[in-house]
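Chain and residue survey
Below, each chain spelled out in residue letters.
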Amino acid sequence: MHGDLVLGGPVYWIVIGLLWSVGLASLWATVDPLRVRRAAQFAVRPESRWAYTVLQGLFFLLFVVAQFGVATMAMVLLSPLALVLQIVYLLRIVYPATRSGAPAGE
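Heads up: these notes are all about the structure in this document. Values in this document were obtained by computation on a predicted structure and should not be read as measured data. Each chain carries its own residue numbering, running from 1 in the written order of its sequence. Residues qualify for local features only when their pLDDT is at least 70, as the model is predicted, and side-chain atom pairs are given and counted only at 80 or more; totals for whole chains, interfaces and linings, by contrast, use all residues. The side-chain quantities take in all heavy atoms of the structure and omit both hydrogens and water.

**Focus: the overall build of the protein chain**
In DSSP terms, a helix is any run of H or I states spanning at least four residues, a strand is any run of E spanning at least two, and both are numbered starting from the N terminus. A tally of regular secondary structure across the protein chain gives 4 helices and 0 strands. When the helices and strands of the protein chain are listed from N to C terminus, the series reads α-α-α-α. Contacts in the protein chain between residues at least 24 apart in sequence constitute 64% of all its contacts with a sequence separation of at least 6. Every residue pair with non-hydrogen atoms within 4.5 Å of one another is taken to be in contact.

**Some details on the side chain of R49**
Note that R49 resides in helix α3 (residues 49-66). For each residue, the accessible area found with a 1.4 Å probe, counting protein chains only, is set against the maximum for its type, and the residue is called buried under 20%, exposed over 50%, and partly exposed in between. Here the positive residues are Lys and Arg and the negative ones are Asp and Glu; neither His nor the chain ends is included. Salt bridges are defined as contacts in which a side-chain nitrogen from Lys or Arg sits within 4 Å of a carboxyl oxygen from Asp or Glu. For the buried R49, which has no salt bridge, the nearest side chain bearing the opposite charge is D32, at an N-O separation of 9.5 Å. When residues no more than four places from it in sequence are discounted, the contact partners of R49 are P33, L34, R35, R38, A39 and F42.

**Some points on helix α1 (residues 10-31)**
A helix is expected to span 1.5 Å for every residue after the first. The terminal C-alpha atoms of α1 lie 32 Å apart, and with 22 residues this matches the ideal 32 Å at 1.5 Å per residue to within 8%. Buried within α1 we find L19, V22, G23, S26, A29 and T30. Down the axis of α1, the buried set is contained in an arc of 125°. They therefore lie on one face. Those residues of α1 that are exposed and angled more than 90 degrees off the buried face are P10, W13 and I14. The arc in question is traced by the directions running from the helix axis to the C-beta atoms.

**Examining unusual backbone geometry**
Backbone geometry places A71, a non-glycine residue, at a positive phi of 60°. Residue placement: A71 occurs in the loop between α3 and α4 (72-94).

Don't take any of this as a statement about function, it's just geometry.
Put into structure tokens, the structure is as follows:
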């Protein structure tokens with residue numbers, strides 16, 4: 001019975017695409033906090049830039065190792081956490097809002 005089950009189809013490719021996008025975005029979230037132009041954004045935030053760099057770097061390392069078939073389940077289970085951390089980084093550091101609710105660039 002279980003020998004007839006095959007992974008494939010559109011849902012499979014959507015999930016694989018989501019995992020790859022989270023994995024590659026973790027590389028960006030690892031490198032971006034270390035850029036010099038982000039120093040001003042981190043000066044007004046209580047969290048350290050290393051909190052984003054280390055956690056996303058560890059997830060990217062896990063993502064690369066999972067491509068070889070090792071620790072794949074851990075990568076799949078930690079993907080939602082990495083995605084939430086990427087969204088938090090985007091909202092708090094990259095696109096912060098001022099107190100009045102207007103974007104910081106205006």
